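Overview (structure and organization)
These are the residues of each chain, in order.
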Amino acid sequence: LVPSTKWMPAYLGSSKNGWRENFYGDVFAACTTAAFLVPQGMSYALIANLDPIYGLYCATFPLIVYGLLGTSRQLAMGPVAIVSLILGHGLHELEEPKLADGSQNPEYVKLAIAASFFAGILQLFMGLFKMGFVTRLLSHPVLSGFTSAAALIIGFGQVKHVLGFSPKSSDNLFLLVADILTRIGKEAHWPSLVMGIGVIIIMFTFKNIPQLKKLPSAMIVVVVGILVSWGMNLGETHGFKIAGTVPGGIPAPSLPSFPQQEQVGPLLTLVLVLSLIGYMESIAVGMVYASKNGYETVPDQELVAIGLANVVGSLFSAYPTAGGFGRTAVNANAGSKTPLAGMISGLLMLIVLTWLTPLFYHLPKPVLGAIVIVAVTGLLDTAEPKRLWKTEAYDDLMSLVVTFFATCVVGVETGVGIGVGLSLFVLIARAAAPNYVVLGHVAGTTAYHDIKIMEVAKPVAQHVIVRFDADLWFANCLAFKEAVFRELRSADLHGGAIRRLVLDFSGVNYVDSSAMHALHEVVHELHREHPNLEIAIAGAKRVCRKILMKELKIVNCAQMHQLSSANLRNVQTRMGDEASADLGMAMDSGHGVGVIVSSDEAMLAQLFERFKCQNSGKIREDVAMYVINELKIGVEPSNIQLSYPGSTTVCDASSDDPEVGKVTLGYAGFKDLARASVLSTDELLHDSTSIHGESPDATFYSNVHEAVNAPLGCLPSRPEEGVEVEPAGVLTV
């Protein structure tokens with residue numbers, strides 16, 4: 001929970017990544033970022049309808065807390081434009097930001113600070129309980145459309161500081177623009193407009209000239225603006241709006257005031273949006289610079305760090321903070337190597353609050369407005385819609401366009417809600433129509449590919465092979481069922497040409513109860529209408545096998561092979577003629593798996609005694625699952641050893657401990673013990689079916705090639721109803 005306890009000792013020591021290599025870069029980056037934070041913090045506070053000083057509060061303790069707890073070495077915490085915009089729009093519905101005399105409404109400020117506290121608590125809770133995945137509900141196209149719309153809303157919202165008049169408040173961006181255009185000729189303060197345009201031109205010049213890029217352009221125009229305003233007395237004699245008195249000192253820590261009862265619901269809804277958007281922006285930029293610098297961030301720990309930063313910040317009058325794109329780029333390009341750079345930036349901002357706030361009295365607000373306008377141009381994402389159009393991702397492009405116009409027309413909070421809803425709708429719509437392909441065999445290989453894509457892949461005679469490339473759950477189980485019957489019909493099932501259906505589950509990671517019910521219906525409907533059709537499930541993962549075996553009777557007959565005559569002679573030689581006379585054995589000596597059939601229990605005990613830790617050993621998991629399922633033995637298949645009740649445990653030959661993994665599987669009767677010969681896979685399956693009185697629903701195979709090459713007709717017919725089978729003999733595994 002405190003990553004700084006790992007990197008700080010190394011930093012203070014004499015290691016390769018110690019202070020000698022990193023300190024000067026961190027200090028320079030901290031000073032550069034602090035110079036960037038002063039004008040940016042004051043400007044972004046205006047977006048949130050707060051006095052500039054609250055933006056400076058956001059750039060103090062949150063930076064220090066994140067430096068101690070965060071995992072990104074370059075992420076620069078502080079106020080961000082989108083969070084400020086969402087906060088300003090949301091709180092405006094609850095309280096007016098200004099009083100009648102134009103001063104800040106203290107109730108509005110209390111709500112902003114409370115929002116920071118609750119946002120921090122929510123982020124902390126999500127981090128501790130590993131809930132960072134929730135942010136994935138907002139897809140990248142939806143986020144791109146939202147941020148582009150937010151950039152326009154922020155930009156036009158700051159035009160009031162450049163023009164010198166306030167347009168009518170509206171959630172509809174187009175109405176806001178129309179109001180500005182109708183009033184600009186009569187109400188604009190032209191000197192302010194000239195100053196704002198001049199600042200915008202200067203800052204874009206700094207951004208586009210390589211030699212000037214690294215200079216703190218925002219701080220430079222702030223200093224120049226203050227000097228010009230002070231020298232020419234712009235506020236009093238020329239009608240410019242200036243920052244005015246900026247309170248000095250560090251606010252005393254205090255718990256936030258809780259909102260009124262009727263404000264709790266809307267405030268918590270606002271907090272949820274703020275938390276998700278702020279975290280998404282932070283983790284996105286953090287991961288970019290982590291990748292560039294060869295380390296990894298921990299998403300859930302980032303939630304903890306950002307959450308505690310907001311909680312502590314709220315104690316010192318800060319509104320919600322996050323990691324910003326532009327500010328992090330400045331920090332990284334200036335040479336930041338460790339989180340210490342952010343902590344030093346926070347300390348420098350405390351110095352600014354303590355001694356330097358009187359210097360901002362003459363700062364013209366057109367300068368702050370112009371700084372914001374230039375900053376948010378970086379949020380306009382014109383590349384994403386072009387990329388989506390080029391790659392023909394039309395559904396994602398539609399999501400982007402809908403979110404963009406929804407945010408512009410109905411407001412930020414509703415726009416985010418529509419974006420999340422649209423992301424979920426697209427996700428469910430895609431999941432409800434799972435991708436599947438019909439596979440064909442490439443001659444001379446063991447490869448099977450989509451017959452619609454690869455011409456060399458040809459259908460396999462008497463087989464239909466269908467591969468599903470999605471998890472099976474309630475949203476798509478009906479589509480799965482329809483796909484199976486559709487492909488069987490198209491392959492002329494009713495003509496009798498198809499003998500085996502192979503379901504390739506290599507792309508399926510999970511099967512829920514609804515999908516299991518659908519699969520159960522598919523299997524039993526096919527068995528009822530087409531008794532001779534075999535169903536094979538190939539490539540199913542372990543978790544899917546366990547789920548499938550709970551609902552269906554599935555055997556694994558592809559993993560056990562007939563013993564070669566050479567191996568049988570070897571066993572007979574080791575056991576002696578007397579013991580081998582009653583022996584019928586199927587053993588895969590390469591894997592150390594044996595199936596032993598005999599009516600002589602004394603001989604079996606002798607066999608296990610003789611073969612312990614030699615030809616017998618740990619049973620493979622897939623074979624154990626087969627045995628347990630067929631013999632109806634409730635034993636977990638993991639780490640199972642061959643053993644015989646009352647005899648010495650047969651152990652893994654590689655283990656020195658005879659007690660390792662000791663598990664007894666037990667006995668089951670077989671119908672015909674007169675065969676003193678090797679039991680083949682098909683014979684073993686037939687005998688086990690006789691015991692249970694029913695045929696298996698399907699068969700597991702490790703891959704499609706194995707399923708296709710298994711002999712057709714090896715599965716026995718289902719016995720007639722009412723016929724009981726008398727078991728006899730012993731099977732020992």
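Whatever comes next refers back to the structure up there.
Going along each chain's sequence as written, the residues are numbered from 1 onward. In view of the model being predicted, local features appear only for residues whose pLDDT reaches at least 70, and side-chain atom pairs are presented and counted only at 80 or more, with totals across whole chains, interfaces and linings using the full set of residues. With hydrogens and water stripped out, all remaining heavy atoms of the structure feed into the side-chain values.

Next up on the list: the packing of aromatic side chains. A pair of aromatic rings is counted whenever rings of Phe, Tyr or Trp (Trp by its six-membered ring) have centres within 6.5 Å, and the orientation is called stacked for planes under 30 degrees apart, edge-to-face for over 60 and tilted otherwise. Counted according to the given criterion, the structure contains 14 aromatic pairs. Relative to Phe405, the ring of Phe404 lies with its centre 5.2 Å away and its plane at 90 degrees, an arrangement referred to as edge-to-face. Exposure remark for Phe405: the relative accessible area of 42% places this residue in the partly exposed category. Every member of this aromatic cluster is reached through a ring pair, and the members are Tyr436, Phe468, Phe480 and Phe505. Stacked on the ring of Tyr295, the Lys or Arg Arg73 has its end atom at 4.2 Å from the ring centre. Exposure classes here rest on a 1.4 Å probe applied to the protein chains alone. A residue is buried below 20% of its type maximum, exposed above 50%, and partly exposed in between. To sit over a ring, a charge needs its Lys NZ or Arg CZ within 6 Å of the ring centre and within 35 degrees of the ring normal.

Our focus in this paragraph is the pattern of salt bridges. By salt bridge we mean one thing: a side-chain nitrogen of Lys or Arg within 4 Å of a carboxyl oxygen of Asp or Glu. Across all of its chains, the model carries 10 salt bridges by this definition. Between Lys98 and Asp51 there is a salt bridge, and its shortest N-O distance comes to 3.3 Å. Here Lys98 is found in the loop between α5 (81-92) and α6 (106-128), whereas its partner Asp51 is found in the loop between α2 (19-47) and α3 (52-57), with 47 residues between them in sequence. Its relative accessible area of 37% is what places Lys98 among the partly exposed residues. Classification of Asp51 by relative accessible area gives partly exposed; the value is 28%. Glu534 serves as the salt-bridge partner of Arg500, at 2.8 Å between the closest nitrogen and oxygen. A residue pair is termed long-range when its members are at least 10 positions apart, and Arg500 in strand β7 (residues 500-504) and Glu534 in strand β8 (residues 534-538) qualify at 34 residues. Of the two residues, Arg500 and Glu534, both sit in the buried class. Residues joined by salt bridges that share partners form a network here, namely Asp179, Arg183 and Glu187. Labels follow the DSSP assignment, with helices taken as runs of H or I lasting at least four residues and strands as runs of E lasting at least two, numbered in each case from the N terminus.

On to helix α14 (residues 299-315). Here the expected length of a helix is defined as 1.5 Å per residue gap, with one fewer gap than residues. Helix length check: α14, at 17 residues, gives a terminal C-alpha distance of 25 Å against a target of 24 Å (1.5 Å per residue), a fit within 8%. Phi turns positive one or two residues past the end of α14, at Ser317, with a value near 70 degrees.

Most of strand β6 (residues 463-468) is tucked away, with 5 of its 6 residues classed as buried. Alignment of strand β3 (residues 436-442) against β6, held across 3 bridges, turns out to be antiparallel. Among the inter-strand pairings, Val438 is bridged to a residue of β6, identified as Val466. Strand pairing is defined by DSSP finding a minimum of two bridges between the two strands. Relative to β7, β6 runs parallel, the two being bridged by 5 bridges. Looking at the pairing, Arg467 lines up with Asp504 of β7.

Before going further, it helps to examine the environment of Pro216. Within the secondary structure, Pro216 is located in the loop between α10 (190-208) and α11 (217-232). Sequence separation of Pro216 and Ala34 is 182 residues, and the distance between their C-alpha atoms is 9.7 Å.

To continue, consider the pairing of β3. Within β3, 5 of the 7 residues are buried, which leaves the element mostly enclosed by the surrounding structure. Sheet topology places β3 next to strand β4 (residues 448-450); 3 bridges connect them, and they run antiparallel. Directly across from Gly440, in β4, lies its bridge partner His449. Hairpin connection, β3 to β4: the antiparallel pair is bridged by 5 residues, and Gly444 has positive phi, about 80 degrees. Alignment of β3 against strand β5 (residues 457-458), held across 2 bridges, turns out to be antiparallel. From the neighbouring strand, Val442 faces β5, where its bridge partner is Ala457.

For the rest of this paragraph, the subject is the side chain of Ser336. Among the secondary structure elements, Ser336 is positioned in the loop between α15 (325-333) and α16 (340-356). One polar contact links the side chain of Ser336 to the main-chain carbonyl oxygen of Arg73, over a distance of 3.1 Å. Identification of polar contacts relies on pairs of N or O atoms within 3.5 Å, with a donor-acceptor requirement for protein atoms, meaning one able to donate a hydrogen and the other able to accept it, and with residues adjacent in sequence counted only if both atoms are side-chain atoms.

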